[in-house]
Amino acid sequence: MKELRLMKGNEAISEAAIRDGCDGYFGYPITPQSEILEYLMAERPYEKTGMIVLQAESEVASINMVYGGAACGKKVFTSSSSPGISLMQEGLSYMAGAELPAVIVNVVRGGPGLGTIQPSQADYFQSVKGGGHGDYKLITLAPASVQEMYDFVGLGFEIAFRYRNPVLILSDGAIGQMMEKVYLTEQKTRLTNEEIREKYPWATLGKVPGKHRNIITSLELESAKQEKVNIRIQAKYREVEKNEVRYEEILTEDAEYIFVAYGTSSRICQKSIELGRAKGMKIGLFRPITLYPFPSERINELAGKCKGMLSVEMSAGQMVEDVKLAVEGKTKVAHFGRLGGIIPSPVEVINAIEEKLMGGK
Amino acid sequence: MANITDEDIRKPENLVYSRTKVLTENIMSYCPGCGHGTAHRIIAEVIEEMGIQDKTVGIAPVGCSVLAYNFFDLDMQQAPHGRAPAVGTAVKRLLPDHFVFTYQGDGDLAAIGTAETIHACNRGENITMIFINNGIYGMTGGQMAPTTLPGMKSSTSPYGRDVATMGNPLKITELLAQLPGTIYVARHAVHTPAAVRKAKKAVRKAFENQKLNKGTSFVEIVSNCNSGWKMTPNQSNKWMVDHMFPYYPMGEIKDTVGKE
């Protein structure tokens, strides 16, 4: 029988990393995600699997440690919350440019600035539009449960290494802090250096005599060559868009109105659907699991079959822009959000869809 | 003495010097007269002599030596500006049997990367850090560096560095020597054959120390920047001796190895 444990979302991230055979974690404390580092320090995975855990001097250092580890073909990750993730943007851009695989966890809090330590979804733009400089994308997974926090660590590494690109787990303070049951997986063994050389011939593990040296860089001073690099990276993103779109639908088949929501907001919307359906409202939920690549195609199909869509976000309206682009004017699209660390109630969400899309109560 | 023909000279048994195999055949992008090339060479020679080419990972910075990875025949990573010590930290922690070195200029190591430099040394990361100090930002066209001397002109201190408003030159090497995490801290130059020999000895020691796993080894190489200083190579070396050396004196600053 599968091992079952009651865990916080943050703890699930750490346990998943250890069991997935992760080689190293580098992080800096920030609320509401410090349990990730605390859990790893307490577990001492170095003694069990050889996994390194290091508290860095800053998020800038953390992401660059991840850069160095990933460049060796190692499975490394970091985590932070919004202000810390802002500090990592330079490193993330470099990693996308140097084509390095890694997992980054953002347990989002309210901003801008120091904002609040309460949950928020206001980092959507930063995550999916490229928070750092240059043409690049972060493959973005949005967990809506503690189980998904656990599962997306392994999935994230898998996707990251498949495309040699960083993968972001975009969570929030609610999912990071809440406790739910989690089915745990078996302990995987870490790859040896020889196995890494075999699987990832680009890794910098020391130049093998007689072979070409490996160089990890995002620099190309000749524009004609740099353009070719960009084109190749863009082609990779088109592959990602073709193969990695993930979403979940709840009661969309007969729905006249559809909530589009991810993470914590999608959990609230599930309750709103129960309340609404009890009143006879034909409403459903479309939950993007990958925010990049965004499930535009499926949203477009659903738009042709419903009377309206409400993007429910704990932000001033960020994902709603992508919903509108996906819908291509086929149906009405509105946004409902709470800001500054407030989680909307299911009733508020029902009231919002009635008011904004159904012509009032 | 018998006449030696060009052909004789090229015979392997008559060779007295050749390029180390740890340097590639790529043409270096450094200005003629600059110390970077010599600094590269002694590092590469040490790696060849120690027989650790297959176990070495180098970290290149941002600045004139951003393309260092083109010149060392080694597995190399190019780090964001100032972050080489953080990058190197992870590489060494994940590959503890390998040799890891960072190669950084003064802007990279002592301005934008000060935090990464100090904390890597403070943790006593078991890596070798090579610091090229030429008192100027060469790559970007001669702007003021943290190590620019008082009164020294640069494109962003065109009337000379005014310490009252621009601060004093940072002696980061002396600062790092104060940290328990550093086991070897030295300052050298590569402007004369004698200086090169001394610098190479220090670099060798800084690499050998990684076998001991006791802490960070740090070698500063005070170098000229004839282009940035707007001098000929000879003038710049003389200026370096006359002006840089008094402020940044040569020698071993800290050596705890073998003294325990």
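In short, a report on the structure. Given the structure is predicted, the values throughout are model-derived calculations rather than measurements.

About the thresholds
For every chain, the first residue of the written sequence is number 1, and numbering continues from 1 onward in sequence order. Working convention: letters from A go to chains and numbers from 1 go to ligands, in the order in which they are written. The predicted nature of this model means local features are confined to residues of pLDDT at least 70 and side-chain atom pairs, given and counted, to a pLDDT of 80 or more, with totals for whole chains, interfaces and linings taken over all residues. Excluded from the side-chain calculations are hydrogens and water; all other atoms, namely the structure's heavy atoms, are used. Secondary structure elements follow DSSP: runs of H or I no shorter than four residues count as helices, runs of E no shorter than two count as strands, and numbering proceeds from the N terminus. What the globule rule says is 2.2 Å times the number of residues to the power 0.38, and the radius of gyration is computed from C-alpha atoms. Think of it in three bands: residues with accessible area under 20% of the maximum for their type are buried, residues over 50% are exposed, and the middle band is partly exposed, with areas taken using a 1.4 Å probe on protein chains only. Any pair of residues with heavy atoms lying within 4.5 Å of one another is described as a contacting pair. Shrake-Rupley sampling with a 1.4 Å probe provides the accessible areas, and residues are treated as covered by the protein chains on show and by no other component. For the purpose of charge, His is not counted, nor are the chain termini; Lys and Arg are scored as positive and Asp and Glu as negative. Note that the charge is assigned to NZ on lysines, CZ on arginines, CG on aspartates and CD on glutamates. In plain words, nonpolar cores are sets of buried Ala, Val, Leu, Ile, Met, Phe, Trp, Tyr and Cys residues tied together by side-chain atoms within 4.5 Å. Being paired, for any two strands, means DSSP has found at least two bridges between them. Only C-alpha atoms enter the line fits that serve as axes; for helices the fit covers just the stretch in contact. Angles between N-to-C directions range over 0 to 180 degrees. Put simply, a salt bridge is a Lys or Arg side-chain nitrogen that is within 4 Å of an Asp or Glu carboxyl oxygen. Polar contact is defined as a pair of N or O atoms within 3.5 Å, subject to the rule that within protein one atom must be able to donate a hydrogen and the other to accept it, and that residues adjacent in sequence are counted only when both atoms are side-chain atoms. To estimate the expected span of a helix, count its residues, drop one, and scale the result by 1.5 Å. Here is how to tell: hold the view so the strands point away, follow the path from the first strand over the helix to the second, and if it runs clockwise the crossover is right-handed. Throughout, the term roughly parallel applies to angles under 35 degrees, roughly antiparallel to angles over 145, roughly perpendicular to angles from 65 to 115, and oblique to all others. Should the near helix be turned anticlockwise from the far one by less than a right angle, the crossing is termed left-handed; should it be turned clockwise, right-handed. Amino acids outside the nonpolar list (Ala, Val, Leu, Ile, Met, Phe, Trp, Tyr, Cys, Pro) and the charged list (Asp, Glu, Lys, Arg) are all regarded as polar, and Gly is one of them.

## Overview of the overall build of chain B
Looking only at helices and strands, chain B features eleven helices and nine strands. Here chain B has a C-alpha radius of gyration of 18 Å; the compact-globule value for 260 residues is 18 Å, and the two agree. Overall, the C-alpha framework of chain B stretches about 65 × 45 × 35 Å when taken along its three principal axes. Burial status across chain B gives 57% buried among its 260 residues. Taking the intrachain contacts of chain B between residues at least 6 apart in sequence as the baseline, contacts between residues at least 24 apart amount to 68%. When the accessible area of chain B is evaluated, it comes to approximately 11,000 Å², of which 55% is carbon and sulfur surface. For chain B, the centre of its 26 positive side-chain charges and the centre of its 24 negative side-chain charges are spaced 5 Å apart.

## A few points about helix α6 (residues 89–98) of chain A
Of all ten residues that make up α6 of chain A, eight are buried, and the element is covered over most of its length. Two residues or fewer past α6 of chain A, E99 of chain A is found with a positive phi of approximately 55°.

## Side note on the nonpolar core
Membership of the largest hydrophobic core comes to 119 residues, with the highest contact counts inside it found for F26, F77, L100, I299, M309 and V323 of chain A. Per-element tally for this core: the top contributor is helix α8 (residues 146–163) of chain A, with eleven residues. The residues contacting I299 of chain A, other than those within four sequence positions of it, are V260, F286, F294, M309, V323, A326 and V327 of chain A. Counting residues in each nonpolar core, the second largest holds 39 residues, with I43, F71, F72 and I183 of chain B among its members.

## Looking at the sheet that holds strand β10 (residues 247–250) of chain A
Residue and element names in this part refer to chain A. On the basis of which strands lie adjacent, the open sheet formed by five strands has the order β10-β12-β11-β14-β15 and mixed pairing. Two strands bound the open sheet, and with one partner strand each, they are β10 and β15 (332–337). Here the strands of the sheet are splayed against their neighbours by 20° on average, with no regard to which way each runs. In terms of strand pairing, strand β11 (residues 257–260) meets strand β12 (residues 283–288) through four bridges, oriented parallel. Bridged to V260 within β12 is F286.

## Quick word on the side chain of K92 of chain B
Residue and element names in this part refer to chain B. One can find K92 in helix α4 (residues 84–94). For K92, which is buried and forms no salt bridge, the nearest opposite charge comes from D97, at a distance of 7.5 Å. In this structure the side chain of K92 is engaged in a polar contact, spanning 3.4 Å, whose partner is the backbone oxygen of N126. Setting aside residues no more than four positions away along its own chain, K92 makes contact with H98, F99, V100, N126, I127 and Q210.

## Digging into the sheet that holds strand β13 (residues 290–292) of chain A
Residues and elements named next belong to chain A. With respect to topology, seven strands assemble into an open sheet ordered β3-β2-β4-β5-β7-β6-β13, the strand pairing being mixed. Whereas interior strands pair on both sides, the edge strands pair on one side only; in this sheet they are β3 (52–55) and β13. Direction aside, the axes of adjacent strands within the sheet are offset by 20° on average. One ladder, built from four bridges, connects strand β2 (residues 24–27) with β3; its direction is parallel. The partner of G24 across the bridge, within β3, is I52.

## Notes on the pattern of salt bridges
All chains considered together, the criterion is met by 47 salt bridges over all chains. With a shortest N-O distance of 3.6 Å, E354 of chain A and K279 of chain A are connected by a salt bridge. Residue E354 of chain A is found in helix α15 (residues 346–357), and its partner K279 of chain A is found in the loop between α12 (263–278) and β12; the two are separated by 75 residues along the sequence. Taking the relative accessible area as the measure of exposure, E354 of chain A reaches 10% and is therefore buried. R187 of chain B is the partner of E220 of chain B in a salt bridge, and the nearest nitrogen-oxygen pair spans 3.1 Å. Residue E220 of chain B is found in strand β8 (residues 216–222), and its partner R187 of chain B is found in strand β7 (residues 182–189); the two are separated by 33 residues along the sequence. You can call E220 of chain B buried: its relative accessible area is 1%. Under the relative-accessibility criterion, R187 of chain B is labelled buried at 0%. Several salt bridges share partner residues, and in doing so they unite R41, E45, E49, K200, R204, E208 and K211 of chain B into one network.

## Points about helix α2 (residues 36–50) of chain B
Residues spaced three or four apart along an α-helix face the same direction, because each turn holds 3.6 residues. Residues and elements named next belong to chain B. Along its 15 residues, α2 runs 21 Å from first to last C-alpha, staying within 8% of the 21 Å computed at 1.5 Å per residue. Within α2, twelve of the 15 residues are buried, which leaves the element mostly enclosed by the surrounding structure. Of all the residues in α2, the buried ones are H36, G37, T38, A39, H40, I42, I43, A44, E45, V46, I47 and M50. Here the buried face of α2 lies against β1 (56–60), α3 (68–71), β3 (99–105), β4 (128–133), α9 (193–208) and β8.

## Considerations on the pairing of β15 of chain A
Residues and elements named next belong to chain A. Relative to β15, strand β14 (residues 308–313) runs parallel, the two sharing six bridges. From the neighbouring strand, S311 faces β15, where its bridge partner is H335. Between the parallel pair β14 and β15, the chain is carried across by helix α14 (residues 319–327), and the sense of this crossover is right-handed.

## Overview of the environment of I215 of chain A
Following the sequence through the fold, I215 of chain A ends up in strand β9 (residues 215–216). Excluding residues within four positions of it along the chain, I215 of chain A makes contact with Y69 and M76 of chain B.

## Looking at the packing of helix α1 (residues 9–19) of chain A against helix α2 (residues 34–43) of chain A
Residue and element names in this part refer to chain A. In contact at an axis separation of 8 Å, α1 and α2 are set at 45° when each is read in the N-to-C sense. Regarding the angle of α1 to α2, the classification is oblique. Where α1 crosses over α2, the two elements pack in a sense that is right-handed. Across the interface between the two elements, N10, E11, I13, S14, E15 and I18 from α1 touch E35, I36, Y39, L40 and E43 from α2. Along the lines of polarity and charge, the residues of the contact of α1 with α2 split into five nonpolar, two polar and four charged.

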